[in-house]
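Geometric and topological summary
Chain by chain, the residues:
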Amino acid sequence: MFYLQREEYDAVVVGSGVSGGWAAKELTEKGLRTLVLERGRNVEHQKDYITEHVPPWDMPYRNRRITPEMYPEQAVQIRGNTVDSGNRHFYQNDKRHPYIEAAPFTWVQAEVVGGRSLLWGRQCYRWSDLDFEANLRDGHGIDWPIRYADIAPWYSYVERFIGVSGERLGLPQLPDGEFQPPMELNAGEKFVKEGVERAFPGRKVTIGRSAVLTRPIGNRAACHYCGECSRGCSTGSYFSSQSSTLPAAFATGRLTLRPHSLVHSLIFDEDLNRVTGVRFVDTETGDMHEVYAQVIFLCASALGSTRVLLNTRTSEHPDGLGGNSGALGRYLMDHHFRVGASGEIPGLLDRYYEGRRPNGIYIPRFRNLAGPDSDRLDFVRGYGYQGSASRAGWSRGAGMAELGAELKQALRDPGPWRISIGSWGECLPREDNTALLSDKTDQWGIPLLEINCTWGPNEFAMRRDMAQQAAEMLEAAGCRNVTTFDNFEDGSYGAEPGLCIHEMGTARMGRDPSNSVLNGYNQVWASPNVFVTDGACMTSSSCVNPSITYMALTARAADYAVNALKRGELVKA
Ligand SMILES: Cc1cc2nc3c(=O)[nH]c(=O)nc-3n(C[C@H](O)[C@H](O)[C@H](O)COP(=O)(O)OP(=O)(O)OC[C@H]3O[C@@H](n4cnc5c(N)ncnc54)[C@H](O)[C@@H]3O)c2cc1C
Ligand code: SF4
């Protein structure tokens, strides 16, 4: 490898996914000439959605479930159950980007411009002070340096731009936002909602809060319910970097986007005692480049950003930038899920639904709302449920006794209603859940991450309650043949850490550089012109989907960065 010419920008953003797109938009709109480095290939909005609206019979393997045997180069990605022939080309090649699992950990990643913003499920929930104060209250992890009031205006700012549809509920644990009109529950979901809310006063069943438009914004159209969002959306009806933030950044004329650019480490100037740039590999040529900037935003996804920090080793920071805190690469979290219940909804056989609504129902957290052990449970924190009701399709014929014409006739009509609800639970920040550098390297000489993450007693105790409460709610609502499920298998795959694709922590925010990597504005204590605004920064995990919080933190940090730069505080010669 050799170094090419020196390039300079005002800002460099690493990664172009959910948080990188936001950093690019905010920094360029505030006047900074910004370079976005993305390790994956380019995906152009509309033109590169090559499988959009392609029917199953024209897809490889008729779009049936794919397996690692079919695509060994994506064996890890396929574990996640979200990969199919229609979206496989957005996910990463696992052979090119390996990692080491000291315990089962499924690391699901995109490897394209836009990152996982093209693939995500779009569920958007604000955090509340129940979450920001959780560590302080029950003593797990360190206190967050911010509170809901610090981030609330930024949630509003983000929601107005990306478009979030949902129902206002007035719940303190799940603050309302600037919502577009909600999507509608179907008849089965309304049945369950009435039953649950009658039997459990205080619990709510609502439509998911989703970054899918029910009203147009600019040239982005309202959703037409085609239902294959993870293939890309030409009408821009869901939030992705392609539909939303990158076009805004390009419109300023100040954005340079460089795909095939894998960041190796940050350049630390020992004399200036700060980071001055970024070292990256052009993955097409193998050449190493250096680029210099006053401000750097690491948005390479939680573990991607931490890997860059860990690989930035200097004489003063032998364990990586931020490593002196003892927190870098530690306190890894994910939500634990794949536990809940399902059952049959009686009747409603004259009711059906239209289109393929890209959204489900949500049951907000109801456990431990007033603090630790307020419900006298054997766990702290809480969980929410996501799910949906639908009528069984023709594939139910596999289990039917009829044959021939009789069977065909029986399958012409939709089957009975069923509902399934699964829980998403908070995971505690534990020091021994780690992602650290190993001695092995990838083909470009970058040390691989070795990930060692397991669920603890709090998560297991919570899972028992998650399954039990799911069943109790469905039964109380009048569902029949209710059964519970829990896919966790000790030492194996099924509900292992990482699978929920909400990996968080490993470069947490805090109030003290001796136990945190970042301050309250996402600045690396050891070099305040470096900001980490993806999931790496999270000090706890809440139980709600995290990405809108990364977006709000990114917009807030970018605003702070540009103002601090103007005041001459960020970079001193
Ligand atoms: C199927 C699925 C469903 C999901 N559903 C939801 C949901 O409903 N709600 C929710 O909140 N979240 C959801 N998520 C999670 C969500 O996608 C992530 O939280 C979010 O994308 C994280 O944003 P990010 O910017 O940190 O990372 P990403 O969006 O993954 O972007 C990171 C980018 O950085 C690039 N990169 C990595 N390393 C380097 C490097 N060294 N140099 C250069 N570039 C690099 C990657 O290629 C990638 O493009 C879901 C994810 C998936 C896959
Ligand atoms: S369901 Fe809606 S958001 Fe999803 S791809 Fe279709 S139009 Fe776009």
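Here, the structure is the one placed above.
Everything numeric here is computed off the predicted structure, so don't read it as measured data. (Residues numbered from 1 in each chain as written. Chains lettered and ligands numbered in written order. Predicted model: local features only at pLDDT ≥ 70, side-chain atom pairs only at ≥ 80, totals over all residues. Heavy atoms only, no water.)

**Overview of the overall build of the chain**
Quick reminder of the rule: Helix and strand definitions follow DSSP, with helices as H or I runs of at least four residues and strands as E runs of at least two, each counted in order from the N terminus. For this measure, only C-alpha atoms enter the radius of gyration; the expected value for a globule follows 2.2 Å times N^0.38, where N is the number of residues. For every residue, the accessible area (1.4 Å probe, protein chains only) is compared with the maximum for its type, and the residue is labelled buried under 20%, exposed over 50%, or partly exposed between those bounds. Method for areas: the Shrake-Rupley scheme with a 1.4 Å probe, in which residue coverage is limited to the protein chains shown. Counted as positive: Lys and Arg. Counted as negative: Asp and Glu. His and the chain ends are not counted at all. Charge positions are represented by NZ for Lys, CZ for Arg, CG for Asp and CD for Glu.
Scanning the chain from terminus to terminus reveals 11 helices and 19 strands. The C-alpha radius of gyration of the chain comes to 24 Å, within 12% of the 25 Å expected for a compact globule of 573 residues. Residue burial in the chain is summarised as follows: out of 573 residues, 61% are buried. Of the accessible surface of the chain, which amounts to about 21900 Å², a share of 49% is contributed by carbon and sulfur atoms. Across the chain, the centroid of the 61 positively charged side chains sits 4 Å from that of the 69 negatively charged ones.

**Examining the side chain of Arg-367**
We count it as follows: Under the rule applied, a polar contact is a pair of N or O atoms within 3.5 Å (in protein, one hydrogen donor and one hydrogen acceptor; residues adjacent in sequence only if both atoms are side-chain atoms). Any pair of residues with heavy atoms lying within 4.5 Å of one another is described as a contacting pair.
Relative to the helices and strands, Arg-367 resides in the loop between β12 (361-363) and β13 (383-391). Polar side-chain contacts of Arg-367 include one of 2.8 Å to the side chain of Asp-465. Residues in contact with Arg-367, not counting those within four places in the same chain, are Arg-203, Asp-375, Leu-377, Phe-379, Arg-381, Gly-382, Tyr-383, Asp-465 and Gln-469.

**Points about the sheet that holds strand β15 (residues 434-441)**
Filter applied, for reference: Two strands qualify as a pair provided DSSP detects at least 2 bridges between them.
The strand order β3-β16-β15 describes an open sheet built from 3 strands, whose pairing is mixed. For this open sheet the edge positions go to β3 (100-101) and β15, each flanked by a neighbour on one side alone. Note that β3 and strand β16 (residues 447-452) share 2 bridges and pair parallel. For Ile-100, the partnering residue across the bridge sits in β16 and is Glu-450.

**Overview of the nonpolar core**
Considering soluble globular proteins, one finds that nonpolar side chains tend to be buried as a cluster. The criterion, for reference: In plain words, nonpolar cores are sets of buried Ala, Val, Leu, Ile, Met, Phe, Trp, Tyr and Cys residues tied together by side-chain atoms within 4.5 Å.
One finds Ile-162, Leu-266, Leu-309 and Ile-451 to be the most contacted residues of the largest nonpolar core, which totals 131 residues. Here this core takes 8 residues from helix α10 (residues 457-476), the largest share from any one element. Apart from residues no more than four positions distant in its own chain, Leu-266 is found in contact with Val-275, Gly-277, Val-278, Arg-279, Ile-296, Leu-298, Val-308, Leu-309, Thr-312, Leu-321 and Val-530. Among the nonpolar cores identified, the runner-up in size contains 23 residues, and Cys-299, Ala-561, Ala-564 and Leu-570 belong to it.

**Observations regarding the site of ligand 1**
Under the convention used in this document: A cutoff of 4 Å decides nearness: a residue is near a molecule or strand if any of its heavy atoms lies inside that distance of it. When residue character is reported, Ala, Val, Leu, Ile, Met, Phe, Trp, Tyr, Cys and Pro are called nonpolar, Asp, Glu, Lys and Arg charged, and the others, Gly included, polar.
Around ligand 1, the surrounding shell holds 36 residues, and the nearest of these are Ser-19, Glu-38, Arg-116, Gly-121 and Ser-547. Here ligand 1 has 1000 Å² of accessible area as a free molecule, and 94% of this is covered by the chains. Breaking the shell around ligand 1 down by element, the ones donating at least two residues are α1 (18-29), β8 (261-269) and α11 (547-566). In terms of residue class, the shell around ligand 1 is made up of 15 nonpolar, 15 polar and 6 charged.

**Digging into the packing of aromatic side chains**
The description of an aromatic ring pair uses the distance of the two centres, along with the angle that the planes make with each other. Filter applied, for reference: Any pair of Phe, Tyr and Trp rings, taking the six-membered ring for Trp, is counted once the centres come within 6.5 Å. Such a pair is stacked with planes under 30 degrees apart, edge-to-face with planes over 60 apart, and tilted for the rest. A ring has a charge above it when a Lys NZ or an Arg CZ is no more than 6 Å from the ring centre and no more than 35 degrees off the ring normal.
Evaluated as defined, the whole model comprises 21 aromatic pairs. When the centroid spacing of 3.9 Å and the interplanar angle of 15° are considered together, the rings of Tyr-521 and Tyr-560 count as stacked. Of the two residues, Tyr-521 is situated in the loop between β17 (480-486) and β18 (523-524) and Tyr-560 in helix α11; the sequence distance between them amounts to 39 residues. Through a chain of ring-to-ring contacts, the aromatic side chains of Trp-22, Trp-154, Tyr-157 and Phe-161 assemble into a single cluster. The lysine or arginine in question, Arg-122, covers the ring of Tyr-238, its NZ or CZ lying 5.5 Å from the ring centre. The ring of Tyr-331 has Arg-508 sitting right over it, with the charged end atom 3.8 Å from the ring centre.

**Remarks on the pattern of salt bridges**
Let me state the cut-off plainly: Salt bridge, as applied in this entry: a Lys or Arg side-chain nitrogen positioned within 4 Å of an Asp or Glu carboxyl oxygen.
According to the stated counting rule, one finds 31 salt bridges in the structure shown. Between Glu-189 and Arg-357 there is a salt bridge, with the nearest N and O atoms lying 2.9 Å from each other. Of the two residues, Glu-189 is situated in helix α6 (residues 187-199) and Arg-357 in the loop between β11 (339-345) and β12; the sequence distance between them amounts to 168 residues. With respect to class, Glu-189 is no different from Arg-357; both count as buried. The partner of Glu-569 in a salt bridge is Arg-567, with the nearest N and O atoms 2.7 Å apart. A relative accessible area of 39% means that Glu-569 is categorised as partly exposed.

**Looking at the side chain of Thr-549**
On the secondary structure map, Thr-549 appears in helix α11. What makes Thr-549 buried here is its relative accessible area of 0%. When sequence neighbours within four positions are dropped, the list of residues in contact with Thr-549 reads Tyr-125, Trp-127, Ile-151, Tyr-155 and Met-538.

**What to know about the environment of Val-380**
In this fold, Val-380 is placed in the loop between β12 and β13. Of the residues examined, Val-380 reaches a relative accessible area of 10% and is grouped as buried. Once the C-alpha coordinates of Val-380 and Met-538 are considered, the two residues, 158 residues apart in sequence, prove to be 18 Å apart.

**Description of the site of ligand 2**
In the neighbourhood of ligand 2, the contacting residues comprise Val-212, Cys-223, His-224, Tyr-225, Cys-226, Gly-227, Cys-229, Cys-233, Ser-237, Tyr-238 and Pro-358. Residues of the shell around ligand 2, tallied by class, amount to 8 nonpolar, 3 polar and no charged.

**What about the sheet that holds strand β14 (residues 417-425)?**
Our working definition: Only the contacting stretch of a helix is used when fitting its axis, a line to C-alpha atoms as for every element, and angles between N-to-C directions run 0 to 180 degrees.
Strand order in the open sheet formed by 6 strands is β6-β12-β13-β14-β11-β17, with antiparallel pairing between adjacent strands. On the outer flanks of this sheet lie β6 (206-207) and β17, each paired with one strand and no other. Here β11 pairs with β14 via 6 bridges, running antiparallel. Paired with Ala-341 across the bridge in β14 is Ile-421. Contacting β11, β12, β13, β14 and β17, α10 crosses the sheet at an angle of about 15° to β11.

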